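A look at the structure
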Amino acid sequence: MSQGDFFRIRKSFLIGFTGLILFFTNSCGYNTIQVQDEQVKASWSEVINMYQRRADLIPNLVNTVKGYAAQEKEVLIEVTRARASVGSVQATPEILNNPELFAKFNQAQGQMTSALSRLMVVVEKYPDLKSDKSFIGLQAQLEGTENRIAVARNRYITSVQEYNITVRTFPNVITAKIFGYDVKPNFSVENEKEISKPPQVQF
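**Thoughts on helix 6 (residues 133-168)**
- With 36 residues, helix 6 extends 52 Å between its outermost C-alpha atoms, agreeing within 8% with the 52 Å of an ideal straight helix rising 1.5 Å per residue.
- The opening residue of helix 6 is Asp 132, an N-cap whose side-chain oxygen sits 2.9 Å from the backbone nitrogen of Ser 134.

**Some points on the packing of helix 4 (residues 99-123) against helix 6**
- Their axes nearest at 13 Å, the elements helix 4 and helix 6 cross at an angle of 150 degrees. With respect to helix 6, the element helix 4 is oriented roughly antiparallel. Note that helix 4 runs across helix 6; the crossing there is left-handed. Of helix 6, the residues touching helix 4 (which contributes Phe 102, Leu 116, Met 120 and Val 123) are Phe 135, Leu 142, Glu 146 and Tyr 156.

**Remarks on the confidence of the model for the chain**
- On average, residues of the chain score 84 in pLDDT, and 79% of them reach the 70 mark or higher.
- Of all helices and strands in the chain, the one with the weakest mean pLDDT is helix 8 (residues 189-195) (52), whereas helix 6 scores best (95).

**A short note on the environment of Ile 58**
- Here Ile 58 is to be found in helix 2 (residues 30-69).
- Under the relative-accessibility criterion, Ile 58 is labelled buried at 2%.
- For Ile 58 and Met 112, which are 54 residues apart along the polypeptide, the C-alpha to C-alpha distance reads 9.8 Å.
- In this structure, Ile 58 is in contact with Val 79, Arg 83, Met 112 and Leu 116, ignoring residues within four places of it in sequence.

**Some remarks on the packing of aromatic side chains**
- Within this structure, the stated rule accounts for eight aromatic pairs.
- Seen in terms of ring centroids, Trp 44 and Phe 102 are 5.3 Å apart; in terms of plane orientation they differ by 40 degrees. Their pairing is tilted. With Trp 44 in helix 2 and Phe 102 in helix 4, this residue pair connects regions lying 58 residues apart in the sequence. Phe 102 carries the same exposure label as Trp 44, and that label is buried.
- On the basis of an interplanar angle of 25 degrees and a centroid distance of 6.0 Å, the ring pair of Phe 102 and Tyr 156 is categorised as stacked. One end of the pair, Phe 102, is in helix 4; the other, Tyr 156, is in helix 6, and 54 residues separate them in sequence. The pair Phe 102 / Tyr 156 is uniform in exposure class, with both members buried.
- Members of the aromatic cluster, each reached through a chain of ring pairs, are Trp 44, Tyr 51, Phe 102, Phe 105, Tyr 156 and Phe 187.
- For Lys 184, the ring lying beneath its charged end belongs to Tyr 163, and the centroid distance is 5.0 Å.

**Some remarks on a nonpolar patch on the surface**
- A contiguous nonpolar patch, built from Phe 170, Ile 174, Ile 178 and Phe 179 and spanning about 460 Å² of accessible area, is present on the exposed surface.
- Mapping Phe 179 onto the fold places it in helix 7 (residues 172-179).

**Let's talk about the nonpolar core**
- Judged by nonpolar contacts, the single largest core of 44 residues is most densely connected at Trp 44, Leu 61, Val 65, Met 112, Leu 119 and Tyr 156.
- For this core, the elements supplying multiple residues, two or more each, are helix 2, helix 3 (73-88), helix 4 and helix 6.
- With residues up to four places along the chain from it excluded, the contact list for Met 112 reads Arg 54, Ile 58, Val 79, Ala 82, Arg 83 and Val 86.

**Observations regarding unusual backbone geometry**
- With an omega dihedral of 5 degrees, the bond running from Phe 170 to Pro 171 counts as a cis peptide bond.
- Note on placement: Pro 171 falls in the loop between helix 6 and helix 7.

**A look at the pattern of salt bridges**
- On inspection of all chains with the given rule, the structure shows eight salt bridges.
- Between Glu 146 and Arg 54 there is a salt bridge, with the nearest N and O atoms lying 3.0 Å from each other. Taken together, the residues span a long stretch of sequence, with Glu 146 in helix 6 and Arg 54 in helix 2 at a distance of 92 residues. The same class applies to Glu 146 and to Arg 54, which are both buried.

Rules used throughout
- Residues numbered from 1 in each chain as written.
- Predicted model: local features only at pLDDT ≥ 70, side-chain atom pairs only at ≥ 80, totals over all residues.
- Heavy atoms only, no water.
- Helix = DSSP H or I, 4+ residues; strand = E, 2+ residues; numbered from the N terminus.
- Expected span 1.5 Å × (residues − 1).
- Polar contact = N/O pair within 3.5 Å; in protein donor to acceptor, adjacent residues only side chain to side chain.
- Axes fitted to C-alpha atoms, helices over the stretch in contact; angles between N-to-C directions.
- Parallel < 35°, antiparallel > 145°, perpendicular 65-115°, else oblique.
- Left-handed = near helix turned anticlockwise from the far one by under 90°.
- Contact = heavy atoms within 4.5 Å.
- pLDDT = per-residue confidence, 0-100.
- Buried < 20%, exposed > 50% of the residue type's maximum accessible area, 1.4 Å probe, protein only.
- Phe/Tyr/Trp six-rings, centres within 6.5 Å; stacked < 30°, edge-to-face > 60°.
- Lys NZ or Arg CZ within 6 Å of the ring centre and 35° of its normal.
- Patch = residues over 30% accessible without salt bridge, like charges linked within 9 Å, V, L, I, M, F, W, Y side chains within 5 Å.
- Areas by Shrake-Rupley, 256 points an atom, 1.4 Å probe, with all protein chains shown as cover.
- Salt bridge = Lys/Arg side-chain N within 4 Å of Asp/Glu carboxyl O.
- Core = buried A, V, L, I, M, F, W, Y, C linked by side-chain atoms within 4.5 Å.

In structure tokens form, the structure reads like this:
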């Protein structure tokens, strides 16, 4: 066999091998899993950003209410503690592969929603506070943020559902097991109902 024949055979083998790899990655769902995994991460980042936006509003909201209703100490403390609880859960990308941590994050956000709802009930007793320009601005921002949270959460739910279906169906399930891709936690019906109740901010 001449050197030229050897290189031709080698080239043909490499082309065939590359084609086989491409066929395998496309037909086994590897590429689909990668794309959907990135979509889940992106949609989760949006959820986190919106929750952070809400958390950033809390100090100004609490201080504004305190100026008119300092005697409502218990409720103000509850909101402040709930914000601290939210901040104590590190929402790193690893949370998407840890159902326990994911549930803890959801519980903290649920407590935050509940505390904000109580705060808004308290506000009803103070007409001067409800007409304060600073509070009205914060109220509008909070309402807008709650709507954004709902949208971001729904996108996350959809992207996780698509991903989980992909990694659980044949032949993708084989690829997922080989490369260590498992189903990701999603909002359950129970906590979805809880955290989807926006604080009542309309008067």
